[in-house]
Amino acid sequence: MSEAPWYRRDEARGVLVLTVQVQPNAARTQVAGLHGDALKIRVAAPAVENKANAQLIAFLAEAFGVRPGAVTLKAGAHGRRKIVEIEGSRIAPETLLNDA
């Protein structure tokens, strides 16, 4: 499977690693396309009290067909640019761009 600047698969650990750029306070949660070397995701939650991060995790869990506990925020908890690991998904990351 090919990789792009915004994701990579760590086969040894069985995780997909995504670089995402989050835009909080959007009208709805959705993939907005690419933002440089990151996947841009708009979230319909404010960036207060971890609400935007929780919405992002729930959205990615549903998109990749995994439970929310399989999605881990590895870096960027307080910024817009985040590194996220998704464990156990076989869904190709490129499919998220189909709706953008």
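Let me sum up the structure you'll find in this document.

What counts and what doesn't
- For every chain, the first residue of the written sequence is number 1, and numbering continues from 1 along that sequence.
- Given that this is a predicted model, residues contribute local features only at a pLDDT of at least 70 and side-chain atom pairs are listed and counted only at 80 or more, while totals for whole chains, interfaces and linings are drawn from all residues.
- As a rule here, side-chain values come from all non-hydrogen atoms in the structure, and water together with hydrogens is ignored.
- Strands here are runs of E lasting at least two residues and helices are runs of H or I lasting at least four, both read from the DSSP assignment and numbered beginning at the N terminus.
- Pairing of aromatic side chains here covers Phe, Tyr and the six-membered ring of Trp, requires ring centres within 6.5 Å, and sorts the geometry by plane angle: under 30 degrees stacked, over 60 edge-to-face, intermediate tilted.
- Here, a strand pair is defined by DSSP locating no fewer than two bridges between the strands.
- Exposure is judged per residue with a 1.4 Å probe applied to protein chains only, and the accessible area is read against the type maximum: over 50% gives exposed, under 20% gives buried, and values in between give partly exposed.
- Working convention for charge: Lys and Arg count positive, Asp and Glu count negative, and His plus the chain ends are omitted.
- Criterion for a salt bridge: a side-chain nitrogen of Lys or Arg within 4 Å of a carboxyl oxygen of Asp or Glu.
- Think of a polar contact as two N or O atoms within 3.5 Å of one another; within protein, one of them needs to be a possible hydrogen donor and the other a possible acceptor, and neighboring residues in sequence only count if both atoms come from side chains.

## Things to note about unusual backbone geometry
Phi is positive for Glu 49, close to 50 degrees, though the residue is something other than glycine. With respect to the helices, strands and loops of the structure, Glu 49 is situated in the loop between β4 (38-42) and α1 (51-64). A positive phi is found at Asn 50, a non-glycine position, where the angle reads about 65 degrees. Inspection of the secondary structure puts Asn 50 in the loop between β4 and α1.

## A few points about the packing of aromatic side chains
Taken as a whole and assessed by the stated rule, the structure comprises one aromatic pair. Seen in terms of ring centroids, Trp 6 and Tyr 7 are 4.9 Å apart; in terms of plane orientation they differ by 65 degrees. Their pairing is edge-to-face.

## Here's the deal with the pairing of strand β3 (residues 30-35)
Bridging between β3 and β4 involves five bridges; their strand directions are antiparallel. Within the sheet, the bridge partner assigned to His 35 lies in β4 and is Ala 38. Hairpin geometry of β3 and β4 is characterised by an intervening segment of two residues between the two adjacent antiparallel strands and by a positive phi of about 65 degrees at Gly 36.

## Observations concerning the side chain of Arg 9
The residue Arg 9 is located in strand β1 (residues 7-10) in this model. Although Arg 9 is buried, it forms no salt bridge, and the closest oppositely charged side chain is Glu 11 at an N-O distance of 4.6 Å. From its side chain, Arg 9 meets the backbone oxygen of Ser 89 in a polar contact 3.3 Å long. Within the structure, Arg 9 has its side chain in polar contact with the backbone oxygen of Ile 91 (distance 3.1 Å).

## What about the pattern of salt bridges?
Tallied over the entire structure, the rule returns three salt bridges. One salt bridge connects Asp 10 with Arg 13, and the closest N-O pair in it is separated by 3.2 Å. Note on Asp 10: relative accessible area 18%, which makes it buried. A relative accessible area of 45% means that Arg 13 is categorised as partly exposed. Each of Asp 10, Arg 13 and Glu 85 takes part in a single network of salt bridges with overlapping partners.

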